[in-house]
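# Fold and geometry: a report
Spelled out from the first residue to the last, the chains are:
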Amino acid sequence: MKFALAGNPNSGKTTLFNALTGATAHVGNWPGVTVDKREGSYKKLGEKIDIVDLPGIYSLSPYTPEEIVARNFIVDEKPDCVINIVDATNLERNLYLTTQLLEMDVPVVVALNMMDVVKKSGNEVNATELSKKLGVPVVELSALRNEGIHDVMKKAYEVAKENRKGHSVLETEDFYDLITKVEEKFVELGESSPLFKAIKIVEGDEALCAKYPQLVELIKSDKEKYKDNDFGGDFEGMVADARYRYITANYADTIKKIDKKTESKSDKIDKVMTHRIFAIPLFIVIMFVVFHLVFSEDLFFINGISKGNAGISGETAINVFTGMGYDDIYLEEMTGVITEKYEEDFGDEADDKLNSAISYVANKVNVELQAKGEEIRYDDIDNLALEDMEIEDLQELLVYSGGDVEEVNPVIGIPSPGVFLQSWMGFVTGKLIDLGAMISETWPAWLSGLLCDGLLSGLDAIFSFLPQILLLFLFIAILEDSGYMARVAFIMDRAFRGLGLSGKAFIPLLMGFGCSVPAMMATKTLEEEHERDMTIRLTPFFSCGAKAPIWAMLAVAVAGSFLGDIFVFSIYLLGIVVAIISALLIKAFGKVKEVPPFIMELPAYHAPQFKNLMAHLWEKLKHFVYKASTIITAAIVLIWFLSNFGWAFWQGMVGIEDSILASLGRVLQYIYYPLGFTWGSEGWKYSVATITGLIAKEDVVATMATLGITEKTIALSNAQIYAFASYNLFTLPCFAAIGAAYGDSSKKGFWITLLWWLGCSYVVSLIIFWLGYLFEHVLVVGIIVALLLVATIILLFVYTAKKRKKVLAN
Amino acid sequence: MEKRLNEFNVGEKGIVRKIVAEGNIRRRLFDMGVTPGANIIVKKFASLGDPIEVTIRGYELTLRKSEAECVLMEVE
Ligand SMILES: Nc1nc2c(ncn2[C@@H]2O[C@H](COP(=O)(O)OP(=O)(O)O)[C@@H](O)[C@H]2O)c(=O)[nH]1
Ligand SMILES: [Mg+2]
């Protein structure tokens, strides 16, 4: 048997669903739309019962994908029973949907949820009376407390064995004869749920009217009679009005409300959270705390306080996002101290002296190890860099150079939970890679390479940020479940409307600064498909944590003429500016849609439920792991193959310089030529790095290092560096993010998005490079062109604003 | 006295008389219970002055001023 759960958003469907199905639950997508489809089974009734959690809806009108999905499911797939969850604290509006469900030929049980809240407030709902009026069983329950949930199933099981014919609360209306007329025709045609369909035809439902034009014709003349009533002959309005009138007239006596003068807790909380002046600052604080808990390595600001301003260099600011572990930071500090010492002591000769000192220490370590019968630690002593040495050896090097190890004590704060979990995850995946290396030791080089360098390191790149993704999700889920998210949309809507987005789009975009993957998955809460597409399209422009190392590297290279941290800041700013311009462009030249309505419920605040949160996280985790283990892995292995084999791949592995990827890079070099950063003989290395960045954006830096380009050896002009940075900022994000975009965009929207990313990266880099080039060579022309550009953007603003006014006026 | 919902101040009460919107917005307003005869109290404005929050049929509803403009009210 199959039961469906239907009800308003926030009526407790998912809570009930989780309580009933437990571990059997599984989430997919409804075909063709990005609406979650939850399915599971219930086994306590002798027979296994499949349960489907329909999307939350207020009505069975055909205006949102959720409504269409729910309606088609009930009409076409004919569940054995529909369990209609009704929020007992809000009967009036919830019963509106019930009156529509009752019109379908399907057994219905009304589950009166949130009874705990009703009882606590001292109110009463008369379930027996309600059941008599509705003509279907009504069961009281509290999904949250697990009270009455099995009674609902038992009742549903009982009524599922019988057929039920739909009936309507509209029977007493004077236009009911129109409905009967159409209903009879539907019965003749042998259609399912004739009454429901008849009412839809009378209402003028687009989909059904297109399908049965003869029935529309049938009642056309009858409809004329109502042309001059209060609704101007609009039957949608007349039907909705009739339903609410019926509810108001009949259900008042099933509820006993104690009129309380004091305001509810929810009201009190809301007074603060959406306060006219404090709302926005409060929101900023909340988001800062969330980001801080996920990405900060210094939870209690110990570093900032003890070191004062000295610690807040550009790099430290970036570390907040990258979340390096203790060893990384110690290593960085140590290499910094050593390098500085040599520069101070030897000036121009510093590099040579340092190299010989490195050789000396490395050699000494090797010899000592050999003496103990162990394997040597450093193979290639001549090319050894400080960063490649073990910490203990660095300490020895410092002592050897006459320094003091005690001097090296970076003040490390207590890491945030996110950073802590991340380093733990890194530890696990690191061990996994070691294990892989051990297992594959005797394998042929290509096979062990495939396992260690391809599969395992690829997965490492993706899984290392999984803890932070999940944690970010947990916080978002808390904000969502508590009811705050709806308020955020309320607070921010005005600011976003000019961009063709609603306030709800703000959270995903903001999360983009952390990681695009959860950000894109969070667009699920947006109602309109095109708004979801647009938000996903803009998300990667909000520079994510993994891109920070690229900026850090380039900041060093660009410095000299201006400060590194200004460079980094300007990149973040550039992302936001281009996102805004993109939104305006898409709005100005895309199909102009009706501005999506913003008429929504602000649900009462709830304390978030641990069980629901965990179920939610578990869902996301499964989803992510599934993606990572299929598409993403395949893509990573492909890139591994391209970078380790030449065109004659049967002849075995080659260095990356001779790989297929390198030759692709050389082709790309010419495509990128107008963008400046691939000029010169080393240009192909930059184009290769843009490809490997698809695995994870940190890999841009890693690949360049492999090819011999570090922050110290970048030989690009500032204009070229800027163009390279903006290319990486706007181009395709990593595979994980592309996967997320694919999962949550519409089919067509996804391809446009890919093109948009590619086009945007090319065009913006082109503009930036040539603008910079002009500035570097012919300053005056550069300034004029820049001014023209700014003027164009302002015109764009004005143009879209005008167009919007026109749409609104119509 | 008749007034549109977007002209209400915080704390003002009224009864819905008529909806003058079209299509999507009209249907959405009806579905959320904004039908003739419904009581509405304006609760607050968002920080930037728009959208507004109202109490209707015992729950909190938010809508933009442009949408509230379509709701003709009888002031109480
Ligand atoms: N007090 C109380 N809260 C509930 C009950 N059922 C659900 N909730 C809460 O109502 C909110 C919305 O529930 P959810 O299951 O997500 O609703 P859905 O949108 O219909 O899936 C959550 O915060 C739940 O914890 C209940 O029986 N009593
Ligand atoms: Mg739900």
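Note that the coordinates shown come from a computational prediction; the quantities given were computed from them, not determined experimentally.

### Observations regarding the overall build of chain A
If you tally the helices and strands in chain A, you get 35 helices and ten strands. Taking all 810 residues of chain A together, 52% fall into the buried category. Counting only contacts in chain A whose residues sit at least 6 apart along the sequence, the fraction spanning at least 24 positions is 71%. Carbon and sulfur atoms make up 61% of the accessible area of chain A, which totals about 37200 Å².

### Considering the sheet that holds strand β2 (residues 13–19) of chain B
Pairing within the open sheet is antiparallel, and its seven strands lie in the order β10(A)-β5(B)-β4(B)-β3(B)-β2(B)-β6(B)-β1(B). In this open sheet, the two strands that pair with only one neighbour each are β10 (600–601) of chain A together with β1 (2–4) of chain B. Across five bridges, β2 of chain B lies against strand β6 (residues 71–75) of chain B in antiparallel orientation. If you follow Lys18 of chain B over to β6 of chain B, its bridge partner there is Leu72 of chain B.

### Quick look at the site of ligand 1
Residues and elements named next belong to chain A. As a structural note, the neighbourhood of ligand 1 is formed by 18 residues, with Asn10, Lys13, Thr14, Thr15 and Asp116 the closest of them. Between ligand 1 and the protein, one listed contact pairs an oxygen atom with a backbone N or O atom of Lys13 at 2.9 Å. Taking Ser142, its side chain carries an N or O atom lying 3.1 Å from an oxygen atom of ligand 1. Within the complex, 91% of the 580 Å² of free accessible area of ligand 1 lies under protein. Among the elements of the structure, α1 (13–21) and α4 (115–120) are those that each provide at least two residues to the shell around ligand 1. When grouped by side-chain class, the residues that make up the shell around ligand 1 number five nonpolar, ten polar and three charged.

### Concerning the packing of aromatic side chains
Residues and elements named next belong to chain A. Per the counting criterion, the structure on display carries 32 aromatic pairs over all chains. On the basis of an interplanar angle of 65 degrees and a centroid distance of 5.7 Å, the ring pair of Phe641 and Phe649 is categorised as edge-to-face. Taking the centre distance of 5.8 Å and the plane angle of 50 degrees together, the rings of Phe677 and Tyr727 count as tilted. Placement of Phe677 in the loop between α29 (660–671) and α30 (683–692) and of Tyr727 in helix α32 (residues 718–730) is noted, with a sequence separation of 50 residues between them. The class of Phe677 is buried, set by a relative accessible area of 0%.

### Some points on the domain arrangement of chain A
Residues and elements named next belong to chain A. In terms of domains, chain A is made up of domain 1 (2–160), domain 2 (176–256), domain 3 (261–296 + 428–810) and domain 4 (305–407). Each of domain 1 and domain 3 was reduced to a C-alpha centroid, and the two centroids are 38 Å apart. Counting residues at the interface gives 16 residues for domain 1 and 14 residues for domain 3. In this assembly, domain 1 packs against domain 3 so that about 1300 Å² is buried in total across both faces, 39% of it on carbon and sulfur atoms.

### A short note on the pattern of salt bridges
Side chains that differ in sign of charge can pair as their charged atoms come close. Following the criterion strictly, the structure yields 38 salt bridges over all chains and no others. Put simply, Glu129 of chain A and Lys133 of chain A hold a salt bridge, and the shortest N to O gap is 4.0 Å. You can see Glu129 of chain A and its partner Lys133 of chain A sitting in helix α5 (residues 127–134), four residues apart, about one turn around the helix. For Glu53 of chain B, the salt bridge identified is with Lys44 of chain B, shortest N-O distance 3.3 Å. Its relative accessible area of 15% is what places Lys44 of chain B among the buried residues.

### Considering the interface of chain B and chain A
Counting from both sides, the interface comprises 33 residues of chain B and, opposite them, 46 residues of chain A. A buried area of about 3700 Å², summed over both sides, lies between chain B and chain A, and 54% of it is on carbon and sulfur atoms. Between the two partners, chain B and chain A, sit eight salt bridges. Among the ionic pairs, Asp50 of chain B bridges to Arg497 of chain A, the shortest N-O distance being 3.0 Å. Elements supplying a minimum of two residues to the side of chain B that touches chain A: α1 (23–31), β3 (39–45), β4 (52–56) and β5 (59–63) of chain B. Looking at side-chain class alone, the side of chain B that touches chain A contains 13 nonpolar, seven polar and 13 charged residues. Note: β10 of chain A against β5 of chain B, two bridges, orientation antiparallel.

### So, the nonpolar core
With 135 residues, the main nonpolar core has Val517 and Phe567 of chain A as its most contacted residues. Of the residues forming this core, the biggest block, twelve residues, is contributed by helix α27 (residues 564–589) of chain A. Counting 88 residues, the second largest nonpolar core, distinct from the first, contains Val82, Val136 and Met238 of chain A together with Leu63 of chain B.

Reading the values: the criteria
Residues numbered from 1 in each chain as written. Chains lettered and ligands numbered in written order. Predicted model: local features only at pLDDT ≥ 70, side-chain atom pairs only at ≥ 80, totals over all residues. Heavy atoms only, no water. Helix = DSSP H or I, 4+ residues; strand = E, 2+ residues; numbered from the N terminus. Buried < 20%, exposed > 50% of the residue type's maximum accessible area, 1.4 Å probe, protein only. Contact = heavy atoms within 4.5 Å. Areas by Shrake-Rupley, 256 points an atom, 1.4 Å probe, with all protein chains shown as cover. Pairing = 2+ DSSP bridges. Near = heavy atom within 4 Å. Polar contact = N/O pair within 3.5 Å; in protein donor to acceptor, adjacent residues only side chain to side chain. Nonpolar A, V, L, I, M, F, W, Y, C, P; charged D, E, K, R; others polar. Phe/Tyr/Trp six-rings, centres within 6.5 Å; stacked < 30°, edge-to-face > 60°. Domains from an automatic or database assignment. Buried area = accessible area lost by both parts, 1.4 Å probe. Salt bridge = Lys/Arg side-chain N within 4 Å of Asp/Glu carboxyl O. Core = buried A, V, L, I, M, F, W, Y, C linked by side-chain atoms within 4.5 Å.

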